[in-house]
Amino acid sequence: MELDKALSKLFLPDNDSWLKHANPWSVWTRFATLPFIVLSIWSRVWIGWYCLIPISILIFWVWINPTLFSKPKHFNSWGAKAVLGERVFMNRKEVPIPKGHLKVIVILNVLQSCSGIMLIYGLWSLDLAITLHGIAYVYLTKMWFLDRMVWLYESSNST
């Protein structure tokens, strides 16, 4: 099983979870978690090992978030389409995705990984500038990726 599918199963184990996560409240409250995770990790400087308490709470939040919200009444919001596009991408072995998407998605995943590495290095070295750049790049590449998921969802539904 690919890493993306394994992580997907961990956080979104069934179809119902995907549909609940398509609720814009789920999408945006989960999306807004990154600065709090960064602050919690950085807080090791001030509170030592107690930083594991907020880190654990935030990891739990990211995990439980998709189950807390109800299915949206409609799926025409940008966030809902992004989540449903991710589901289309996860199922690409069973249902091939339209041509032209895979290469861009792979590039965006590489860019997201590089951004994450920069962020992790900034947090590890306690370099505020690198950390802030890492956050910005993670968000920029994630938004670009999500926008591509919207495009994938719309193009797969129009065929």
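*Asks:* So what about the packing of aromatic side chains? Which residues, and what values?
*Replies:* Applying the stated criterion across every chain, the model contains 5 aromatic pairs. Taking the centre distance of 5.8 Å and the plane angle of 15° together, the rings of Trp28 and Trp78 count as stacked. Remark: Trp78 occurs in helix 7 (residues 78-90) and Trp28 occurs in helix 3 (residues 24-31); sequence separation between them is 50 residues. By relative accessible area, Trp28 is classed as partly exposed at 36%. By relative accessible area, which is 29% here, Trp78 ends up partly exposed. With centroids separated by 5.9 Å and ring planes inclined at 40°, the aromatic side chains of Tyr121 and Trp124 adopt a geometry described as tilted. Here Trp124 and Tyr121 lie together in helix 8 (residues 102-125), a separation of 3 residues that amounts to about one turn. Owing to a relative accessible area of 42%, Tyr121 belongs among the partly exposed residues under this scheme.

*Asks:* How would you explain the pattern of salt bridges if you had to name every residue and give the values?
*Replies:* For the coordinates displayed, the defined rule picks out 2 salt bridges. The partner of Glu154 in a salt bridge is Lys81, and the shortest N-O contact between them spans 2.9 Å. One end of the pair, Glu154, is in helix 9 (residues 128-157); the other, Lys81, is in helix 7, and 73 residues separate them in sequence. A residue is classified by how much of its surface remains accessible, and Lys81, at 19% relative accessible area, is buried.

*Asks:* Mind laying out the packing of helix 8 against helix 9, listing which residues take part and the relevant values?
*Replies:* It is at 8 Å that the axes of helix 8 and helix 9 come closest, and there the two elements cross at 160°. The orientation of helix 8 with respect to helix 9, classified from their angle, is roughly antiparallel. Where helix 8 crosses over helix 9, the two elements pack in a sense that is left-handed.

*Asks:* Describe in detail unusual backbone geometry, supporting the description with residues and values.
*Replies:* Its identity as a non-glycine residue notwithstanding, Leu126 has a phi of 55°, on the positive side. Relative to the helices and strands, Leu126 is located in the loop between helix 8 and helix 9.

Thresholds, definitions, all that
- Residues numbered from 1 in each chain as written.
- Predicted model: local features only at pLDDT ≥ 70, side-chain atom pairs only at ≥ 80, totals over all residues.
- Heavy atoms only, no water.
- Phe/Tyr/Trp six-rings, centres within 6.5 Å; stacked < 30°, edge-to-face > 60°.
- Helix = DSSP H or I, 4+ residues; strand = E, 2+ residues; numbered from the N terminus.
- Buried < 20%, exposed > 50% of the residue type's maximum accessible area, 1.4 Å probe, protein only.
- Salt bridge = Lys/Arg side-chain N within 4 Å of Asp/Glu carboxyl O.
- Axes fitted to C-alpha atoms, helices over the stretch in contact; angles between N-to-C directions.
- Parallel < 35°, antiparallel > 145°, perpendicular 65-115°, else oblique.
- Left-handed = near helix turned anticlockwise from the far one by under 90°.

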